[in-house]
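Each chain, letter by letter, is given below.
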Amino acid sequence: MSPQPAHDITLMVNGEAIAESVEPRTTLVDFLREALGLTGSHVGCEHGVCGACTVRLDGVIVRGCLTLAVQCDGRRVETIEGLSDSGELADLQAAFERRNALQCGFCTPGMMLTAQELLAAGGVPSRDTIRAHISGNYCRCTGYHAIVDAIESVAQARAQQG
Amino acid sequence: MKPAPFAYTKARSVEHAVELAGRDGEARILAGGQSLIATLNMRLSRPTLLVDINGLDGLDGLALKDGAVEIGALVRHAQAGRSDIIAKNAPLIAKAIPHIGHPAIRNRGTIGGSIAFADPAAELPACLVALGGEVVIAGGRGERTVKADDFFTGLFETELGSDDVLKAIRVPAANAATRIGFAELARRHGDYALVGLAAAARAEGDGLADIRLAYFGVGATPVRARKAEAELARGALDDAVAALADDLDPPDDVQETGAVKRHLAGVLLRRVAKQLMEGRQ
Ligand SMILES: Cc1cc2nc3c(=O)[nH]c(=O)nc-3n(C[C@H](O)[C@H](O)[C@H](O)COP(=O)(O)OP(=O)(O)OC[C@H]3O[C@@H](n4cnc5c(N)ncnc54)[C@H](O)[C@@H]3O)c2cc1C
Ligand code: FES
Ligand code: FES
């Protein structure tokens, strides 16, 4: 089939109103990276397995490679750039650095967004719960222990602060 | 990889979706996209039109009606997993949901999509069969209801025609005598199962009646283990496990040989039988 007519979409990305024209087949993560230059969300497997493309859509994490940009018309998208600027992830970012929870950093943005959704539920999750929660995010460098350590330490610190 | 080009339309109503899907031979309904978009990205399928049903009124309901739990096609896995109605009245589904993929997949994937896609290793089709549920379908010739036992017809094949929209599933609401069991084996949390078992029964006297054992990951569709059901109804667990040799003939696949799967099916039956009995008062 030949290229299909573009659709005009308007959406909020990291709090900023965006109006763009997209081909139906453009995935959300490609749109963010290529049209908006937000390259913090990564593209790994492109079939939902690795979690590198994780972004927030209307407040919940989704796969950027399994959502079409055209479906995000009228919706609210947040990426690692926005969550980093807002300070929402500051303690998690510091813990990842302190615990060596990243090496190449390819998985890190997706890992943090995923971890933050678990942490936002409150309490101190068990290490097994943390592992199950990040089971859809692949890291080829760290062996996961340090990532679980970092997430656990943030959960404990946040619980103490109340 | 990237998908081949396709056209995209947001349906305005279920009728509109049926009409659009019927007009174009290579149209596909787009729900959560968690299976469909993956296959597009890998160019395993090349539809000409995607009909987006997200946001349609009347497809995201979740209610207890006339002794049944009705779950709209667009109810997301995560939403079903949080629902008190499901936890109380369809506990088998509540138990199965955490095994589906990962949090980001469950935030977007839908109940209707899982049933329509009919992956042979998926949890929800087997739950629907175990519960003796039914599927509500809107098509070109109006609405119809198909029983779970008749709905799954082959590998990724169902009673859904190309212009059919799955509207909802219905399962009988649990009561005090309802017993359920669920177990699966997967290499990693969130992977599709190597082998899994969803089961339902009714407590009767010291034993169980109306036992339904629905295996997944052992054939083209969910598979009822009918001889094992009969043995279990007699209270003969060892004979039930032995009967699986007749009930199941799992083919070798990329994950495991059929022989290993058949052995694991027996392991799961012992675990699930325990759950069915423990649930008794
Ligand atoms: C990494 C990963 C892991 C996963 N692990 C599991 C797992 O362990 N267990 C499991 O069960 N699933 C798993 N899935 C699949 C997931 O559950 C999908 O969400 C589900 O199979 C399809 O639902 P969907 O709403 O995303 O449907 P879509 O992807 O939108 O559609 C799937 C198919 O169903 C059709 N369809 C969808 N809705 C309707 C409707 N209402 N009427 C008619 N046709 C319809 C579409 O046309 C398409 O052919 C996994 C997916 C990924 C990416
Ligand atoms: S790129 Fe989306 S999950 Fe791997
Ligand atoms: S730090 Fe390299 S993939 Fe995780």
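Residues numbered from 1 in each chain as written. Chains lettered and ligands numbered in written order. Predicted model: local features only at pLDDT ≥ 70, side-chain atom pairs only at ≥ 80, totals over all residues. Heavy atoms only, no water.

**Quick notes on the overall build of chain A**
Across its full length, chain A carries six helices and five strands. Written out in order from the N terminus, the α and β elements of chain A read β-β-α-β-β-β-α-α-α-α-α. In terms of C-alpha radius of gyration, chain A reaches 16 Å, essentially the compact-globule figure of 15 Å for 162 residues. Principal axes of the C-alpha set define a box for chain A whose edges measure 55 × 30 × 20 Å. Out of the 162 residues belonging to chain A, those deemed buried represent 50%. Summarising the internal contacts of chain A: among those between residues at least 6 apart in sequence, 55% fall at separations of at least 24. Per element, the accessible surface of chain A, about 7000 Å² overall, is 48% carbon and sulfur. Computed over 12 positive and 19 negative side-chain charges, the separation of the two mean positions in chain A equals 9 Å. (Helix = DSSP H or I, 4+ residues; strand = E, 2+ residues; numbered from the N terminus. Rg over C-alpha atoms; globule rule 2.2 N^0.38 Å. Buried < 20%, exposed > 50% of the residue type's maximum accessible area, 1.4 Å probe, protein only. Contact = heavy atoms within 4.5 Å. Areas by Shrake-Rupley, 256 points an atom, 1.4 Å probe, with all protein chains shown as cover. Lys, Arg positive; Asp, Glu negative; His and termini not counted. Charge placed at Lys NZ, Arg CZ, Asp CG, Glu CD.)

**A closer look at the domain arrangement of chain B**
When the domains of chain B are assigned, the result is domain 1 (7-52), domain 2 (62-172) and domain 3 (178-278). Computed from C-alpha coordinates alone, the two centres of domain 1 of chain B and domain 3 of chain B are separated by 35 Å. (Domains from an automatic or database assignment.)

**Observations concerning the sheet that holds strand E12 (residues 195-204) of chain B**
All names here are of chain B. The four strands are arranged E11-E12-E13-E14 in an open sheet whose pairing can be described as antiparallel. Sheet topology places strand E11 (178-185) and strand E14 (223-224) at the edges, where each strand pairs with a single neighbour. Note that E11 and E12 share eight bridges and pair antiparallel. Along E12, the bridge assignment pairs Ala183 with Leu197. Along the sheet, helix H10 (residues 226-233) contacts strand E13 (207-216) and E14; its crossing angle with E13, the most-contacted strand, is approximately 155°. Sheet strands in contact with helix H12 (residues 258-278) are E11, E12 and E13, and its direction is about 150° off that of E11. (Pairing = 2+ DSSP bridges. Axes fitted to C-alpha atoms, helices over the stretch in contact; angles between N-to-C directions.)

**Observations regarding the interface of chain B and chain A**
Taken together, the contact between chain B and chain A spans 30 residues of the former and 31 residues of the latter. Roughly 2500 Å² is buried in total at the junction of chain B and chain A, and carbon and sulfur atoms are behind 58% of that figure. On the chain B side of the contact with chain A, Pro5, Tyr8 and Arg108 of chain B bury the most area, a combined 24% of that side's loss. The partner of Glu46 of chain A in a salt bridge is Lys2 of chain B, with the nearest N and O atoms 2.5 Å apart. (Buried area = accessible area lost by both parts, 1.4 Å probe. Salt bridge = Lys/Arg side-chain N within 4 Å of Asp/Glu carboxyl O.)

**Brief notes about the nonpolar core**
Core analysis: the largest hydrophobic core is formed by 38 residues, its most contacted members being Ile93 and Ile115 of chain B. The dominant element in this core, judged by the number of residues it contributes, is helix H8 (residues 123-130) of chain B, at six residues. The residue makeup of this core includes at least three contributed by each of domain 2 (62-172) and domain 3 (178-278) of chain B. Not counting residues up to four positions away in its chain, the partners in contact with Ile93 of chain B are Ile71, Ile86, Leu124, Cys127, Leu131 and Val171 of chain B. Core analysis: the second largest hydrophobic core is formed by 29 residues, Leu28, Leu57, Cys65 and Leu66 of chain A among them. (Core = buried A, V, L, I, M, F, W, Y, C linked by side-chain atoms within 4.5 Å.)

**Let's talk about the site of ligand 1**
Neighbouring ligand 1 are 34 residues, the closest being Ile29, Gly33, Gln34, Leu36 and Thr110 of chain B. More than one chain reaches ligand 1: the nearby residues come from chains A and B. Between ligand 1 and Ile29 of chain B there is a distance of 2.6 Å, counted from an oxygen atom to a backbone nitrogen or oxygen. Residue Gly101 of chain B places a main-chain N or O atom 3.2 Å away from an oxygen atom belonging to ligand 1. (Near = heavy atom within 4 Å. Polar contact = N/O pair within 3.5 Å; in protein donor to acceptor, adjacent residues only side chain to side chain.)

**Re the packing of aromatic side chains**
Residues and elements named next belong to chain B. Overall, the coordinates contain three aromatic pairs over all chains when judged by the stated rule. Aromatic pair Phe117 and Phe156: ring centres 5.1 Å apart, planes at 55°, arrangement tilted. Here Phe156 lies in the loop between strand E8 (152-154) and strand E9 (157-158) and Phe117 lies in helix H7 (residues 111-117), a separation of 39 residues in the sequence. Accessibility expressed as a relative area gives 29% for Phe117, which makes it partly exposed. Residues Phe151 and Phe152 carry aromatic rings whose centres are separated by 5.0 Å and whose planes lie at 90° to one another, so their mutual orientation is edge-to-face. The class for Phe152 is buried, based on a relative accessible area of 10%. (Phe/Tyr/Trp six-rings, centres within 6.5 Å; stacked < 30°, edge-to-face > 60°.)

**A closer look at helix H11 (residues 237-247) of chain B**
Residue and element names in this part refer to chain B. The set of residues buried in H11 consists of Ala240, Val241, Ala243, Leu244 and Asp247. Taken down its axis, H11 places every buried residue within 160° of arc, on the same side. In H11, those exposed residues whose orientation departs by more than 90 degrees from the buried face are Asp238, Ala242 and Asp246. Lining the buried residues of H11 we find E13, E14, H10 and H12. (Arc of directions from axis to C-beta.)

**A word on the domain arrangement of chain A**
All names here are of chain A. Taken as a whole, chain A is organised into domain 1 (7-83) and domain 2 (87-161). If you look at the interface, domain 1 gives 18 residues, while domain 2 gives 14 residues. Interface area, domain 1 with domain 2, both sides summed: about 1400 Å², of which 58% is carbon and sulfur. Taken as a group, Ile61, Ile80 and Leu83 account for 39% of the area that domain 1 buries against domain 2, more than any other trio of residues on that side.

**Observations regarding the pattern of salt bridges**
Counting across every chain of the model gives 31 salt bridges over all chains. Asp149 of chain A is paired through a salt bridge with Arg127 of chain A; the nearest N and O atoms lie 3.0 Å apart. Note that Asp149 of chain A is positioned in helix H6 (residues 145-161) and Arg127 of chain A in helix H5 (residues 127-133), a separation of 22 residues in sequence. For Asp149 of chain A, a relative accessible area of 26% corresponds to the partly exposed category. A relative accessible area of 28% means that Arg127 of chain A is categorised as partly exposed. Residues joined by salt bridges that share partners form a network here, namely Lys65, Glu70, Glu134, Lys147 and Arg170 of chain B.

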